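Analysis of the macromolecular model
The residues making up each chain are set out below.
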Amino acid sequence: MKQKGWRRLVRWTFIALAAVIVVTALPVVVMRWMDPWYSAFMLDSALAASRAGQTNYHTDYRWVDLERISPHAAVAVIASEDQFFPFHFGFDFQSIREAVRSNDAQSTRRHPRVRGASTISQQVAKNLFLWSGRSYFRKGCEAYFTLLIELTWPKERILEVYLNVAQFGDGIYGIEAAAQRFYHKPAARLDRYEAATLAAILPSPLRLRAQAPSAYVTQRRDWILAQMRGLGGPSYLDELANPTEPPKAGARAKLEANRK
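Let me begin by describing the structure that accompanies this report. (Residues numbered from 1 in each chain as written. Predicted model: local features only at pLDDT ≥ 70, side-chain atom pairs only at ≥ 80, totals over all residues. Heavy atoms only, no water.)

Under the definition given, this model contains five aromatic pairs. Centre to centre, the rings of F129 and F145 are 4.8 Å apart; their planes meet at 10 degrees, and the pair counts as stacked. Here the residue F129 occupies a position in helix α5 (residues 120-129), and F145 occupies one in helix α6 (residues 136-152), the gap between them amounting to 16 residues. The exposure class of F129 is buried, given its relative accessible area of 18%. Residue F145 is classed as buried on the basis of its relative accessible area of 10%. (Phe/Tyr/Trp six-rings, centres within 6.5 Å; stacked < 30°, edge-to-face > 60°. Helix = DSSP H or I, 4+ residues; strand = E, 2+ residues; numbered from the N terminus. Buried < 20%, exposed > 50% of the residue type's maximum accessible area, 1.4 Å probe, protein only.)

Peptide bonds are, in most cases, trans, and in most cases residues other than glycine have a negative phi. Here the phi dihedral of H184 falls at roughly 55 degrees; this positive angle occurs in a residue that is not glycine. With respect to the helices and strands, the residue H184 is situated in the loop between α8 (175-183) and α9 (192-200). Phi at A212 is positive, roughly 50 degrees, even though this residue is not glycine. Tracing the backbone shows A212 in the loop between α9 and α10 (215-231). Overall, the relative accessible area of 73% leaves A212 in the exposed class.

In this section: the packing of α9 against α10. Between α9 and α10, whose axes approach to 8 Å, the crossing angle comes to 120 degrees. Judged by the angle between their axes, α9 and α10 are oblique. The two elements α9 and α10 cross, and the hand of that crossing is right-handed. Facing α9, whose interface residues are R192, Y193, A196, T197, A199 and A200, α10 presents V217, R220, R221, I224, L225, M228 and R229. The residue makeup of the contact of α9 with α10, split by class, is eight nonpolar, one polar and four charged. (Axes fitted to C-alpha atoms, helices over the stretch in contact; angles between N-to-C directions. Parallel < 35°, antiparallel > 145°, perpendicular 65-115°, else oblique. Left-handed = near helix turned anticlockwise from the far one by under 90°. Contact = heavy atoms within 4.5 Å. Nonpolar A, V, L, I, M, F, W, Y, C, P; charged D, E, K, R; others polar.)

Moving on, we come to the nonpolar core. Counting residues in each nonpolar core, the largest one holds 63 residues, and the members touching the most others are V124, W153, L159, F168, I175 and I224. For this core, the element with the highest residue contribution is helix α3 (residues 71-81), accounting for seven residues. (Core = buried A, V, L, I, M, F, W, Y, C linked by side-chain atoms within 4.5 Å.)

So, about the environment of Y216. Mapping Y216 onto the fold places it in helix α10. Accessibility expressed as a relative area gives 42% for Y216, which makes it partly exposed. In this structure, the C-alpha to C-alpha distance between Y216 and I201, residues 15 residues apart in sequence, is 9.7 Å.

A separate point is the sheet that holds strand β3 (residues 172-173). As a general point, the strands of a sheet are linked pairwise by backbone hydrogen bonds and lie either parallel or antiparallel. Strand order across the open sheet formed by three strands is β1-β3-β2, with mixed pairing between neighbours. Among the strands making up the open sheet, the edge pair consists of β1 (60-61) and β2 (167-169). (Pairing = 2+ DSSP bridges.)

In structure tokens, the structure reads:
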């Protein structure tokens, strides 16, 4: 009887795991072709605004295909957030190790500066499917969805979704909404200075401003422009479909230094 009970438990455990995988993998596979109409992060922010009594809160989200986004904007977010994006499988383990070392060193300070190492793929997984927070369970879910995305989406699709769901301000989501709000033009017409400025506010879009940028945003914008030139400008996007050679070690060191 005990053996039968264990077999039944194992069988139902496998069935439950299979059901979870199917239920979670299906929307990822579908979004390989279907554009998301909303994201979990947008919903979370809207609910938070509602709880705070912000009756004037509005989600400004306007989807545009990658072909209708300035290549300067695409290169700017790669240069700013994840220069090794064409070459990794969702995780930049060297950057993760550097972040762990940096955060350990900061942990003894009164006001520690937490350093992240999330790739563009991880940020898509987090913004599209998950809730905010720093628990190990949520990070595990983020890793799971990141693997699903990398297995089922080409790099161009990951970048396209990222540019459309990234937050650029309070209630402002996606490069098209940001371009219209801050520069009164479509994302397709962003020049490299405007694209670099928008990329510069991504680490903290509720605090940093693209309009009348602070000295910090201007400094970060100039750094991103230099990185864009170093990567080869829009031609670096060719690496998404046909990766050849990642940036040199010096580029990684500069990227890590900028994340501090």
